[in-house]
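Residue-level listing of the chains:
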Amino acid sequence: MEKDVKSGVFRMPSSSHINDGEHEYKFFIRKNAKQKYWTSVVDPYVEKFDIKHRHGLITIKNGMKYDEPYEWKYDHIKLPENDQLIIYEIYVADFTENGQFSGVLSKLNYLTDLGINAIELMPIHDYMGNEHNWGYSPTHHFALKATYGAKNDLKKLVDECHERGIRVFLDGVFNHSSLACPLVLIDKHYWYYKDKHHPEDPCYWGAEFNYDYYDETLKLKPAVKYAQDVVRYWVGEFHFDGIRFDAAKQMDNYDILRDLDQIARSTRLTQPFFSQAEYVPEQPDILKANNGPVDACWSSTFHGVLSEALVNQNKFELDRLKYIISTRNLVNYLTCHDNERLMYLIGHLGKACDDNDAFQRARLGAIILMTSVSTPLIWQGDEFGEARHLGTMNQHRKVIPMQWSLLEQEPNKNLHQIFKRLIEFRRTILNKNAYDQTKFIYENVEQRLLAYKRSSDIVIVTNFSDQIKNGIEITENHTNGRWIDWLTNETYTVKNCTFKLNLQPFDGKVLLKQN
């Protein structure tokens, strides 16, 4: 190969001839002419990786790199805006029986029926193996995990999602890579920090990119250029509508987040784009609303506070509960891939007396999730009561396929219907009318009661106690007349601006004024 000294790019000589077809390839490199040994590495930009032979794969046609064409059919369909989102997090390997993009495609009607309008795919790039693994230590940033399917399988999935008005988000890992990443083998200190970025941080998942290092010869920051190329590729090639930036706290670099956000948007100009950051705990200054780099921040606080309130009768942090309900520009979740299932916590820590008790608590959690201000996210299976234990050892390697058969059981089926009904409420009432305010109108710490308004005609009443609460009166500037509970169709008559309610243990009511 010949090197362009100015750009640093190696190219095949124009006189070279490569036959049509698929070819294995890799590079043999050395840092300089004085180095006696050569290092064998896979192309850092490889788009297809042969795990068996540890080679890159490339298809050549007429002397050029060739990709099977794909005709996008539904790019013209306008997708939901960011303030309309209900996100569903998917781990492709566990979501369906075949663990492939085609399996996810087969469940799109289910997701549409549930009311989902955005899916978030956990990392789908190659991480040097076919084993079960969440993928948060990427090895080949441009290659798909081979077991998930081919490039056109992913394109078809995204395209079919768009036909149904479902946006598709990529879970991107830009903080680190595995130690098997070609960039590490080529010259670790050129793209990465020599040691840990933050030595005091207990979290370390692999070589951490150094976005500050500047190459004076090439006049660029190599890690920044690489990350930019990764974003351009995935958004441009597969038409993703958003990115979640994993481990943003460890990245500790708002400039690169802002840069990658802007590149993604400039690559996909015709549709709305949604950027999220995982920063634990969430930081207000990372949000665009506060001049930060991203649209939203994942809220681990939402999960922590709400699960504690549903599990522990000796703890009720009212101020923090009000915070998670009313704060904007977060991504809220009862559970995500990093946490134990809410139903597991309720059953094993909450001492639920029976299934009815457990599902009643989950129902209340769903009410809070779907009536809070910020964007709701559902981790696959939460909507029908998935409750298996994740554990603390090698969670990312465990095989925990979706238990679709739970939908045949009455309690699980009922919870699914609750989620479906609440999603309908959020999409057709809260989101449609752009309600983004919350007013807390009743609170009692000792009784574990909280009520709030989402508009003058929407009142949410919650009981976080395991006891019945009779004769609760909530007086505020309510409109007198007939109100209805969205979930049960029970009617209530407001007189003298006062609700009179009886609440079951862990009850929740979504009350709407009727004309």
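Okay, the overall build of the protein chain next. Along the backbone of the protein chain there are 13 helices and 28 strands. Relative to the compact-globule value of 24 Å for 515 residues, the protein chain shows a C-alpha radius of gyration of 25 Å, a close match. Dimensions along the principal axes, computed over C-alpha positions, put the protein chain at roughly 90 × 45 × 40 Å. Looking at the protein chain as a whole, 54% of its 515 residues are labelled buried. Of the contacts formed within the protein chain by residues at least 6 apart in sequence, a portion of 69% connects residues at least 24 apart.

Once that is clear, we can look at helix 10 (residues 318-326). Residues of helix 10 that are buried: Leu318, Leu321, Lys322, Ile324 and Ile325. The arc that holds the buried residues of helix 10, viewed along the axis, is 165°, so those residues lie on one side. On the buried face of helix 10, the contacting elements are helix 9 (300-311), strand 19 (330-333), helix 12 (355-371), strand 21 (439-444) and strand 22 (449-455).

What follows is about the sheet that holds strand 28 (residues 508-513). Strand-to-strand pairing in sheets goes through backbone hydrogen bonds, with the strands running parallel or antiparallel. Taking strand neighbours across the sheet as the criterion, the six strands line up as 21-22-23-28-25-26 in an open arrangement whose pairing is antiparallel. Each of the sheet's edge strands pairs with one partner strand only, and the pair in question is strand 21 and strand 26 (491-494). The mean inter-strand angle of the sheet, taken between neighbouring strand axes irrespective of direction, is 25°. Bridge count for strand 21 against strand 22 is five bridges, and the pairing is antiparallel.

The next subject is the packing of helix 5 (residues 182-191) against helix 6 (residues 222-238). When two helices pack together, their arrangement is given by the angle between their axes and by how far apart the axes lie. For the pair helix 5 and helix 6, the least separation of the axes is 10 Å and the interaxial angle reads 125°. If you check the angle between helix 5 and helix 6, you find them oblique. Contacts between helix 5 and helix 6 involve Leu183, Tyr190 and Trp191 from the former and Pro222, Ala223 and Tyr226 from the latter. Residue composition of the contact of helix 5 with helix 6, grouped by class: six nonpolar, no polar and no charged.

Let us now look at the layout of surface pockets. Counted as a void, the second largest pocket has a volume near 700 Å³. Lining the second largest pocket are 29 residues, and of these Tyr136, Trp205, Asp246, Glu278 and Asp338 lie nearest its centre. Residue composition of the lining of the second largest pocket, by class: twelve nonpolar, twelve polar and five charged.

As a further point, take empty space enclosed by the protein. Here the structure, examined in full by the defined rule, presents seven cavities of 30 Å³ or more. Looking at the largest cavity, its volume works out to about 190 Å³. Along the wall of the largest cavity there are 18 residues; nearest its centre are Asp94, Arg341, Trp379, Leu390 and Ile400. Here the lining of the largest cavity is built from residues that sort into eight nonpolar, four polar and six charged. Reported here for the second largest cavity is a volume of approximately 60 Å³. Residue lining of the second largest cavity: Leu334, Leu342, Met343, Ala362, Asp382, Gly385, Glu386, Leu415 and Phe419, and that is the complete set. Mapped by element, the contributors of at least two residues to the lining of the second largest cavity are helix 11 (342-348) and helix 13 (410-430).

Excluding glycine, residues mostly carry a negative phi; peptide bonds, for their part, are mostly trans. With omega at -10°, the peptide bond leading from Val280 into Pro281 counts as cis. Among the structural elements, Pro281 can be located in the loop between strand 17 (274-277) and strand 18 (296-298). Positioned with a positive phi, Asn496 is a non-glycine residue whose angle comes to about 55°. Structurally, Asn496 is set in the loop between strand 26 and strand 27 (498-503).

Overall, the coordinates contain 38 salt bridges when judged by the stated rule. Between Arg244 and Glu278 there is a salt bridge, with its nearest N and O atoms 3.4 Å apart. Here Glu278 lies in the loop between strand 17 and strand 18 and Arg244 lies in strand 16 (residues 242-245), a separation of 34 residues in the sequence. Here Lys288 makes a salt bridge to Asp261, at a shortest N to O gap of 2.8 Å. With Lys288 in the loop between strand 17 and strand 18 and Asp261 in helix 8 (residues 254-267), the pair connects residues that are 27 residues apart, well separated along the chain. A network of salt bridges, in which partner residues are shared, links Glu47, Lys65, Asp67, Lys151, Lys155 and Glu237.

Looking now at the sheet that holds strand 17. Read around the closed barrel, eight strands run 9-10-13-16-17-18-19-20, paired in parallel fashion. Averaged over all pairs of adjacent strands, the angle between strand axes in this sheet comes to 30°, irrespective of strand direction. This element, helix 12, spans strand 19 and strand 20 (375-379) of the sheet and lies at about 140° to strand 20.

Along the chain, Ser177 turns up in strand 14 (residues 176-177). There is a polar contact of 2.8 Å between the side chain of Ser177 and the side chain of Tyr192.

Rules of the game
- Residues numbered from 1 in each chain as written.
- Predicted model: local features only at pLDDT ≥ 70, side-chain atom pairs only at ≥ 80, totals over all residues.
- Heavy atoms only, no water.
- Helix = DSSP H or I, 4+ residues; strand = E, 2+ residues; numbered from the N terminus.
- Rg over C-alpha atoms; globule rule 2.2 N^0.38 Å.
- Buried < 20%, exposed > 50% of the residue type's maximum accessible area, 1.4 Å probe, protein only.
- Contact = heavy atoms within 4.5 Å.
- Arc of directions from axis to C-beta.
- Pairing = 2+ DSSP bridges.
- Axes fitted to C-alpha atoms, helices over the stretch in contact; angles between N-to-C directions.
- Parallel < 35°, antiparallel > 145°, perpendicular 65-115°, else oblique.
- Nonpolar A, V, L, I, M, F, W, Y, C, P; charged D, E, K, R; others polar.
- 1 Å grid on protein atoms, 1.4 Å probe; cavity = no way out; pocket = protein on both sides within 12 Å on 5 of 7 lines; lining within 4 Å.
- Points joined across faces, edges and corners; volume = space filled by probe spheres on them.
- Salt bridge = Lys/Arg side-chain N within 4 Å of Asp/Glu carboxyl O.
- Polar contact = N/O pair within 3.5 Å; in protein donor to acceptor, adjacent residues only side chain to side chain.

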